[in-house]
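Structural description and commentary
Here is how the chains run, residue by residue.
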Amino acid sequence: MKPTGIVRNVDELGRIVLPKELRNILSIEVKTPMEIFTNNDTIVLRKYEPADIFTGEMNDLVDFEGKKVAKANILKLCELAGIKVVE
């Protein structure tokens, strides 16, 4: 990780403000969904970008039972399961 030298206080509602300079550099705008991860005593924020649950691929996604799956992977899964797909 790269230190920024920026320190922010948590307010009474548990919020912190991401500095405008970082938001601009990372193209984080109002309503940008963010993922929150923890690693021991570290909190990591990352812009949320939906990806295929099997491969992590981010192109040509469809919703399948609430999960993102690449179309190519759905076809592969159907083939493996012996399901005939008509496109």
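Residues numbered from 1 in each chain as written. Predicted model: local features only at pLDDT ≥ 70, side-chain atom pairs only at ≥ 80, totals over all residues. Heavy atoms only, no water.

**So, the overall build of the protein**
When helices and strands are tallied, the protein shows 2 helices and 4 strands. Over its C-alpha atoms the protein spans a radius of gyration of 19 Å, topping by over 25% the 12 Å that the globule rule assigns to 87 residues. A principal-axis box enclosing the C-alpha atoms of the protein has dimensions of 55 × 30 × 25 Å. In the protein, which comprises 87 residues, the share counted as buried stands at 8%. Taking contacts inside the protein between residues at least 6 apart in sequence as the whole, the part at least 24 apart equals 3%. Total accessible area computed for the protein in this model is approximately 8,000 Å², and 55% of it derives from carbon and sulfur atoms. (Helix = DSSP H or I, 4+ residues; strand = E, 2+ residues; numbered from the N terminus. Rg over C-alpha atoms; globule rule 2.2 N^0.38 Å. Buried < 20%, exposed > 50% of the residue type's maximum accessible area, 1.4 Å probe, protein only. Contact = heavy atoms within 4.5 Å. Areas by Shrake-Rupley, 256 points an atom, 1.4 Å probe, with all protein chains shown as cover.)

**Details of unusual backbone geometry**
Despite not being glycine, Lys31 has its phi angle at roughly 75°, a positive value. For Lys31, a relative accessible area of 80% translates into the label exposed. Look at Asn40: it is not a glycine, yet its phi comes out positive at around 55°. With respect to the helices and strands, Asn40 occurs in the loop between β1 (34–39) and β2 (42–47). For Asn40, a relative accessible area of 77% translates into the label exposed.

**Re the side chain of Asp52**
Mapping Asp52 onto the fold places it in the loop between β2 and β3 (61–64). Lys76 provides the closest opposite charge to the buried, salt-bridge-free Asp52, at an N-O distance of 8.9 Å. With near-sequence residues (within four places) excluded, Asp52 lies in contact with Glu57, Leu61, Lys68, Val69, Ala70 and Asn73. (Lys, Arg positive; Asp, Glu negative; His and termini not counted. Salt bridge = Lys/Arg side-chain N within 4 Å of Asp/Glu carboxyl O.)

**Here we look at the pattern of salt bridges**
Scanning the entire structure with this criterion turns up 4 salt bridges. The shortest N-O distance in the salt bridge between Arg46 and Glu35 comes to 3.3 Å. Placement of Arg46 in strand β2 and of Glu35 in strand β1 is noted, with a sequence separation of 11 residues between them. When its relative accessible area of 22% is taken as the criterion, Glu35 is described as partly exposed.

**Quick look at the confidence of the model for the protein**
Averaged over all residues, the pLDDT of the protein is 88; the fraction at 70 or higher stands at 99%. Within the protein, no element has a lower average pLDDT than helix α2 (residues 71–81), which sits at 83, and none a higher one than helix α1 (residues 20–25), at 93. (pLDDT = per-residue confidence, 0-100.)

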